[in-house]
Each structure stands twice: as structure tokens, then as C-alpha cells.
Amino acid sequence: MLAASASFTSCSNEDELGAQSPDGLTPITLTSNIATRTVSTELQETEIAQGVQVGVFVAPTEAGELIADNAQITSDGSGSFTGTIGNYPAGEGATVSIYAYAPYNSAWVGKLNEEQTFTVKTDQTTDNAYLASDLLYGTPKNNQVAASENAVTVQFEHKLTKINLAFNTADTEIDLKGAAVSLVDVLTQTTINLSTGALGTSTQTADIAVAKFASDATQFAASAIIVPQTVAANANFVRVQLADGTTYDANISTSFTFETGKQYTYTATFTENGLELKLISTIEGWQDGAETPSGSTEEKIVYGVGDYITSDGTFIKNSE
């Protein structure tokens with residue numbers, strides 16, 4: 001789950017934020033919150049990233065036309081947004097319900113009460129492609145919101161699954177400079193109900209490009225987003241192709257289910273038998289993907305400020 005503070009308005013002055021609209025109605029402003037357990041420098045862990053566009057639906061709690069139908073606002077990366085949503089309805093005691101998601105999809109106008117298809121990118125080797133794959137959904141904790149000049153907090157959640165990969169080349173001559181990393185034959189598509197946030201069935205398989213290391217790279221780690229799914233026993237899961245064309249595949253020994261809103265960190269170790277995966281359960285911005293498949297070794301790690309994993313997969317604890 002995620003957290004960020006944001007006001008859905010192009011103004012930053014407090015007096016302007018609370019100003020009345022020309023017709024005397026109160027503008028709707030929001031803050032977004034991405035719940036996190038510890039500090040992380042990963043993309044979109046604690047705040048919605050700069051430039052990410054968010055879609056907002058606002059409906060009167062009682063029957064009536066939408067106040068905002070997929071309104072588009074944009075994150076500045078520091079907890080605020082540019083763009084406008086609409087005004088609270090007139091009348092004492094009137095309330096609204098707010099539904100928000102990211103990344104924005106212009107085709108979802110008029111689709112609040114319908115399931116919509118979402119597909120992760122099959123090439124996530126750039127920040128933009130990764131962010132375009134990180135489906136977020138949020139509502140206020142109490143989604144019967146009365147008119148107020150104060151911003152309303154929207155609690156966003158990561159709806160999909162994050163895979164982290166670190167690489168251990170110790171005691172080998174493996175050179176990862178120029179190497180390409182991918183997830184093999186994974187499901188890439190699901191549906192989401194915009195009024196409830198519920199996901200549907202995961203479908204459509206493809207390889208996902210996770211990273212293409214530079215020819216002069218010195219750090220080797222990567223992350224990608226997949227839809228929640230079960231990977232079959234002994235199925236190839238991670239592929240590493242070295243710059244010289246040599247390919248290494250690693251599988252998961254038993255059937256394993258990757259759950260919504262959780263992240264799973266693996267250390268990929270090169271051995272004389274090929275490439276082996278070890279699951280490390282981490283607690284970072286997402287929920288803890290702590291379940292360990294049978295036959296593998298789990299090591300629980302809680303990250304603090306300054307802690308990190310080196311390129312050879314070693315956990316270094318620098319926090320107090």
C-alpha cells in the first residue's frame with residue numbers, strides 16, 4: 001500500500017485553496033495517502049510519482065449525476081496535484097463519494113460502475129513504463145464526505161504485485177554488464193471495478209522485460225509489476241541473457257501464488273548448475289509477501305534508513 005499528500009488543485013496558497021468558486025460553491029480538494037511501513041527510495045513507494053496522472057470520480061452520496069466523471073489531475077511528486085475536480089453540492093448535509101485511481105485512462109469516462117481492463121507493460125525497463133504498470137486505487141476512509149475547505153485524504157493501495165530481483169555473482173565469472181533480465185510467460189492483464197476496487201481474473205501471458213543493464217553498470221537489481229497470479233511448479237520464471245548471448249533460466253520449484261498489493265524480493269544466484277532463486281521477504285512500501293514456497297529458503301528482512309542489498313545479494317544494515 002502507498003501514501004502521499006496531495007491537493008487536487010493548481011494553487012498552493014492556503015487562502016486560494018479554500019476560496020469559494022464564482023457560484024458560491026466549495027471546491028473539492030483532496031490529499032492522497034500511500035500507506036507504508038518504512039522508508040524506501042523505490043518508485044512510488046510513499047508518494048505518487050511526479051507526472052503520474054490520476055483519474056477521479058465524485059458522486060453525490062444520494063442519487064444524482066456525477067460531479068466528476070474521470071476528472072484528470074497530475075501529481076507533482078511531492079504530495080500535490082495540478083488540475084480541478086469540481087464543487088461540493090449545495091444544501092446542508094449533502095455528501096459525496098470519491099473514487100480515484102492511477103494511471104489515468106481517458107477511455108474510462110462514464111465507467112465508474114463497470115469493470116475495466118488493465119494491462120501491465122511488457123517492457124518495464126524504463127521508469128515511465130513501470131509507473132504505467134503500477135495500478136493504484138483509493139477512496140477516503142469514510143466515503144461520505146461533507147463539504148469542507150479542508151482537503152480530503154484518499155488512501156491509495158497498490159492493486160497488483162511487485163517483483164524485486166537482486167543478483168549474486170560471487171565466486172563466478174558472470175558479468176552482468178549489458179545483460180537483459182525478464183520474467184517469463186507471466187499473466188499481464190486483469191480487470192478492476194472502479195466503484196469497489198475489486199480485481200477480476202488475470203489473463204493474457206507474455207514475457208516482461210524487467211531490466212537492460214548498461215555496459216558500464218556497477219549495480220544490478222531490478223523491479224517489475226505483474227498482475228496477481230499463480231505460477232505453476234517448475235515453470236521458468238526469471239531469464240537472464242548476458243551480453244554474449246548466454247542465457248540462464250530460473251524456475252520456482254512449487255506452485256506459488258503472488259497476491260494483490262504485495263511485493264516479493266528474490267536473490268538470483270549463479271551457480272555451476274545455472275541460476276537459482278531465493279525468496280527474501282521484505283517489508284517496504286508494499287505489504288509483506290511473506291509466504292515461502294515449499295523447498296525454498298526464506299529470510300525475513302526489515303529495512304531501515306540506510307539499509308540496502310549489494311549487487312552480490314548481501315544485506316547491509318546501516319540503520320541505528
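Residues numbered from 1 in each chain as written. Predicted model: local features only at pLDDT ≥ 70, side-chain atom pairs only at ≥ 80, totals over all residues. Heavy atoms only, no water.

Colleague: Quick question: what am I supposed to make of the packing of aromatic side chains here?
Modeller: Between two aromatic rings, the relevant description is the distance of the centres plus the angle of the planes. In total, this model carries eleven aromatic pairs according to the counting rule given. Judged by centre distance (4.9 Å) and plane angle (80 degrees), the rings of F256 and F258 are edge-to-face. The exposure class assigned to F258 is buried, which follows from its relative accessible area of 1%. Grouping aromatic residues by their ring pairs yields a cluster made of F237, F256, F258, Y264 and Y266. (Phe/Tyr/Trp six-rings, centres within 6.5 Å; stacked < 30°, edge-to-face > 60°. Buried < 20%, exposed > 50% of the residue type's maximum accessible area, 1.4 Å probe, protein only.)

Colleague: Help me out: how do you make sense of the side chain of D134 in this one?
Modeller: By the element assignment, D134 lies in the loop between α2 (127-133) and β7 (136-139). Salt bridges are absent for the buried D134, whose nearest opposite-charge side chain, K162, sits at 7.4 Å. Separated by 3.0 Å, the side chains of D134 and Q44 make a polar contact. (Helix = DSSP H or I, 4+ residues; strand = E, 2+ residues; numbered from the N terminus. Lys, Arg positive; Asp, Glu negative; His and termini not counted. Salt bridge = Lys/Arg side-chain N within 4 Å of Asp/Glu carboxyl O. Polar contact = N/O pair within 3.5 Å; in protein donor to acceptor, adjacent residues only side chain to side chain.)

Colleague: How should I be thinking about the pattern of salt bridges in this particular structure?
Modeller: A side chain with one charge can pair with a side chain of the opposite charge if their charged atoms come near. All told, the structure shown has three salt bridges when counted by the stated rule. With a shortest N-O distance of 3.9 Å, E114 and K111 are connected by a salt bridge. Assessed through its relative accessible area of 26%, K111 is described here as partly exposed. Here E259 ties to K262 by a salt bridge, and the two come within 3.1 Å at their closest N and O atoms. For K262, a relative accessible area of 17% puts it in the buried group.

Colleague: Please explain the pairing of strand β10 (residues 161-168) as it appears in this structure.
Modeller: Along any regular strand, the residues point their side chains to alternate faces of the sheet. Most of β10 is tucked away, with eight of its eight residues classed as buried. Covered by surrounding structure in β10 are T161, I163, L165 and F167 together with K162, N164, A166 and N168, the residues of both alternating faces. In the sheet, β10 pairs with strand β13 (residues 221-226) via six bridges, with the strands oriented antiparallel. Within β13, the position partnered with L165 by the bridge is A222. Judged from the seven bridges that link them, β10 and strand β18 (residues 262-271) form a sheet pairing that is parallel. Paired with N168 across the two strands is T269, which belongs to β18. (Pairing = 2+ DSSP bridges.)

Colleague: Just checking my understanding: could you explain the confidence of the model for the protein for this structure?
Modeller: Interpretation of this model should avoid reading the predicted coordinates in detail wherever pLDDT is low. Mean pLDDT over the protein: 81, with 77% of residues reaching 70 or higher. In this model residues 1-20 is a low-confidence stretch, pLDDT under 50, and it forms 77 contacts with partners more than four residues away in sequence or in other chains. Considering only residues more than four positions removed or in separate chains, one finds that residues 290-320, a stretch of pLDDT under 50, has 71 contacts. (pLDDT = per-residue confidence, 0-100. Contact = heavy atoms within 4.5 Å.)

Colleague: Where do I start with the environment of E157 in this structure?
Modeller: Checked against the element boundaries, E157 lands in strand β9 (residues 152-158). Each C-alpha atom, one on E157 and one on L136, is 5.5 Å from the other, the two residues being 21 residues apart in sequence.

Colleague: What is the right way to read the side chain of S97 from this model?
Modeller: Relative to the assigned elements, S97 resides in strand β5 (residues 95-102). Here N143 takes part through its backbone oxygen, which lies 2.9 Å from a polar atom of the side chain of S97. Other than its neighbours up to four places away in sequence, S97 contacts F57, V58, A59, T61 and N143.

Colleague: I would appreciate a short explanation of the nonpolar core in the present structure.
Modeller: Looking at soluble globular proteins, one finds that nonpolar side chains tend to be buried together. Counting residues in hydrophobic clusters, the biggest one holds 75 residues, and the most contacted among them are L183 and F237. Broken down by element, the residue count for this core peaks at six residues, all from β5. Dropping the residues within four chain positions of it, L183 is found in contact with I163, L165, A206, D207, I208, V210, A224, I226, F237 and V238. (Core = buried A, V, L, I, M, F, W, Y, C linked by side-chain atoms within 4.5 Å.)

Colleague: What is the right way to read the environment of V181 from this model?
Modeller: Examined against the element boundaries, V181 turns out to sit in strand β11 (residues 180-193). Classification of V181 by relative accessible area gives buried; the value is 2%. As a C-alpha pair, V181 and D249 span 68 residues in sequence and 10.0 Å in three-dimensional space. Not counting residues up to four positions away in its chain, the partners in contact with V181 are L165, F167, I208, A209, V210, A211, F213, V238, R239 and V240.

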